[in-house]
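# Chains, contacts and geometry: an overview
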Amino acid sequence: MNFGCEILIAESPQMKQLLEMLSQVSKTYASILISGPSGVGKEVLTKYVHQTSLRNRGPFVVLNCAAIHENLIESELFGYEKGAFSGASSSGKEGLIETADGGTLFFTSKLIIC
C-alpha cells in the first residue's frame, strides 16, 4: 500500500486484515489506540492511519513521553502563558494538543498520568 511518500507492504492475512480495519476506522473521527511491544511498527501504523484519515492535511505530531520529565508533561501537552512558572519562555508556549489540532498526536512510549 502506498500512502504519502512511504510504501507499506503486508504479506500475512492478519496484517492485511489489520490494514483494512485501520483504513475503515481512519475514515471516522474516532480515537485509536495502537499498542504493542517496542519495535513492532506502531509509529508506521499510526502514520498510515494519519495519511488515510480525514485529518491527513493536518499535522502529524510525535510526543516521546520517555524523554519528558513528569513535571513538564502538563506544559508540553497544554502549553503555558508567559511567566507561568520560573524558567518559562517570556512569550509562552503552545501545547502539543493545540499544535496537533486538525491532525494526529502520537504518543511514543507510555504516558501515565495519575
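The coordinates are above.
Summarised in this report is the structure supplied together with it. (Residues numbered from 1 in each chain as written. Predicted model: local features only at pLDDT ≥ 70, side-chain atom pairs only at ≥ 80, totals over all residues. Heavy atoms only, no water.)

### Some details on the nonpolar core
Heads up, the rule is: Side-chain atoms within 4.5 Å link the members of a nonpolar core, which is a set of buried Ala, Val, Leu, Ile, Met, Phe, Trp, Tyr and Cys residues. Each residue is assigned to one of three classes by its accessible area relative to the maximum for its type, calculated with a 1.4 Å probe on protein chains only: buried under 20%, partly exposed between the two thresholds, exposed over 50%. Each helix is a run of H or I in the DSSP string that is no shorter than four residues. Each strand is a run of E no shorter than two, and both are numbered from the N terminus. Throughout, a residue-residue contact means that at least one pair of heavy atoms, one from each residue, lies within 4.5 Å.
Core analysis: the largest hydrophobic core is formed by 8 residues, namely Val61, Leu63, Cys65, Ile68, Ile73, Leu77, Leu96 and Ala100. Contributions of two or more residues to this core are made by strand E3 (60-64) and helix H3 (73-78). Those residues in contact with Ala100 that lie beyond four places of it in its chain are Pro59, Val61 and Leu105. Core analysis: the second largest hydrophobic core is formed by 7 residues, Leu8, Ala10, Leu45 and Tyr48 among them.

### Looking at the pairing of strand E6 (residues 104-108)
For a regular strand, side chains alternate in direction, first toward one face of the sheet and then toward the other. Definition in use: Here, strands pair whenever DSSP counts at least two bridges between them.
Residue alternation in E6 divides its side chains into a buried set, Thr104, Phe106 and Thr108, and an unburied set, Leu105 and Phe107. Relative to E6, E3 is paired through 5 bridges, and the arrangement is parallel. Bridge pairing links Phe60 to Thr104 in E6.

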